[in-house]
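Structure at a glance
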Amino acid sequence: MWFLVVFALAAGGGAVAYVPLLTVLLPLKITALLGSEDVASLARVTFYGAIVASLANIAFGMISDRSGVRLPWVVAGLISSSILLVMIGEARSLTMLIVLIMAWQTCQNMMLGPLLAWAGDCVPDSQKGTLGGLLAMAPALGALAGSLVTFEALVPEQYRLVTVALLVAVLVLPAIVIGRGRSIPELKKPVGRAEAGTLDHRRSRSAVSRMWLARFLVQISEAGLFAFLLFWLRSISEGFHENTAANIFSAVLVVSIPLSLIIGRWSDAHGRPIRPLAACAAIAGIGLVAMSISTELPTAIAGYVVFGIAASIFLSLHTSQTLRVLPQPQHRGRDLGIFNLTNTIPSIVMPWITLALVPGFGFSGLFILFACLAVVAALLLATLPRHA
């Protein structure tokens, strides 16, 4: 259990690295460089960064597979991404900022790709649900770090990025120091071509495809609400304060932690790893339907809370159960990099979906689409065989 906790904190370190930067500090940096809130420039920076992050996660996952070691890549990624994070604060032009963000995303994923693959080498299937529950801490830690580094009485503006880098190191290093050398040989045993062609492994590949698509569908909704929550709330109640929206978002993440842990431990104890995922996707769809028909602020917030908690539990448990269904341990890092596309692609396509729907159908039309996607995700998972 101690290793699960320190690993979950290390994963939280990854969230602390990017959540404050991408949600608060990067927009502020662009405003400081250009003298105004330039949405188009922010979109360019995040778009290029997302592309690089997607490729780097796959690449370093493959490299850690081929090299047979994970932690040296995690350490190298931690050091280099921390240096680049501080350098971002010194950028003097938009071009320089874009280059630094792309380099930072590369090194950040040098750390994150092998780190998650390492969990697949160390955590037995009987504890995957518990690990998933603990991983719910990661987004909450990221949100709390954003609040901390923007609290001017505690962290001066010029030290914000340095503080973020220090927080990341404090969270990641214990897992590296305490857990080094830890692995379970059975979990790393390669699967040969003959074994990969058996019926069980063909079923496993089908389960992987369904797991990928289900997460992708839910992540589209999550990315949409992450980006447009405040705009939607202000469409219901003009003047809705941004701090209240941030508090609701943070509260949802915090409440999700104990619920994820309870449900994850239940799935371990009863040998039903997929059932909670299907249930959470369905509940997220219900929350989205409630949001689509809400015309008053209390019911709108209630619908979002239902969606947010269910989606947060789904994503944390899904991460750990993905480690269980991947069919070839020798390609675990590469395959997790491909799964990481379910995190980055929705952020790229989501603005275009919103621009296509909201002007003609309003946010209600957008949320109905999201609800349909969540229901499809639930059906994909509910129809998986129990052994999957």
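Up top is the structure these notes are about.
In every chain, residue numbers begin from 1 and rise along the written sequence. Whole-chain, interface and lining totals are the exception, using all residues; otherwise, since this is a predicted model, local features are given only for residues with pLDDT of at least 70 and side-chain atom pairs are given and counted only at 80 or more. Only heavy atoms go into the side-chain values, all of them from the structure, while hydrogens and water stay out.

1. Things to note about the side chain of Gln105
Heads up, the condition is: Elements are defined by DSSP. Helices are runs of H or I of four residues or more, strands are runs of E of two residues or more, and each kind is numbered from the N terminus. The contact criterion used is simple: two residues touch if any of their non-hydrogen atoms lie within 4.5 Å.
You can see Gln105 is positioned in helix 4 (residues 94-122). If we skip the residues at most four places from it in the chain, Gln105 touches Leu22, Gly49, Ala50, Val52, Ala53 and Ala56.

2. A few points about the environment of Ala300
Selection rule: Throughout this description, buried means an accessible area under 20% of the type-specific maximum (1.4 Å probe, protein chains only), exposed means over 50%, and partly exposed covers the range between.
By secondary structure assignment, the location of Ala300 is in helix 13 (residues 297-325). Judged by its relative accessible area of 0%, Ala300 falls in the buried class. Through-space distance from the C-alpha of Ala300 to that of Leu233 is 7.8 Å; in sequence the pair is 67 residues apart. If we skip the residues at most four places from it in the chain, Ala300 touches Trp232, Ile236, Met291 and Ser294.

3. Some thoughts on helix 7 (residues 160-179)
Worth spelling out the cut-off: A helix's residues, less one, multiplied by 1.5 Å, set its expected span. Bend is the name given here to the angle between axes fitted to two runs of seven residues, the run ending at a residue and the run starting at it.
In this model helix 7 runs 29 Å from its N-terminal to its C-terminal C-alpha over 20 residues, within 8% of the 28 Å that 1.5 Å per residue would give. Its maximal kink placed at Val172, helix 7 deviates by approximately 30°, while the proline Pro174 follows within four residues. Taken together, the buried positions of helix 7 are Arg160, Leu161, Thr163, Val164, Ala165, Val168, Ala169, Leu171, Val172, Ala175, Ile176 and Gly179. At its buried positions, helix 7 is contacted by helix 1 (2-34), helix 3 (71-88), helix 4 and helix 6 (137-149).

4. Comments concerning the pattern of salt bridges
Definition in use: Definition used for salt bridges: Asp or Glu carboxyl oxygen within 4 Å of a side-chain nitrogen of Lys or Arg.
Taken as a whole, this structure holds six salt bridges when the rule is applied. One salt bridge connects Arg70 with Asp121, and the closest N-O pair in it is separated by 2.8 Å. Of this pair, Arg70 sits in the loop between helix 2 (39-67) and helix 3 while Asp121 sits in helix 4, and the two are 51 residues apart along the sequence. Look at Arg70 and you get buried, because its relative accessible area is 9%. Residue classification places Asp121 among the buried positions, given a relative accessible area of 4%. One salt bridge in this structure joins Lys128 and Asp125, with 2.9 Å as the shortest N-O distance. Taking the relative accessible area as the measure of exposure, Asp125 reaches 40% and is therefore partly exposed.

5. A look at the state of the cysteines
Rule in force here: Only a pair of cysteine sulfur atoms within 2.5 Å qualifies as a disulfide here.
Applying the stated rule across the entire model yields zero disulfides. Cysteine Cys280 shares no disulfide, and the gap to the nearest cysteine sulfur, in Cys372, comes to 19 Å.

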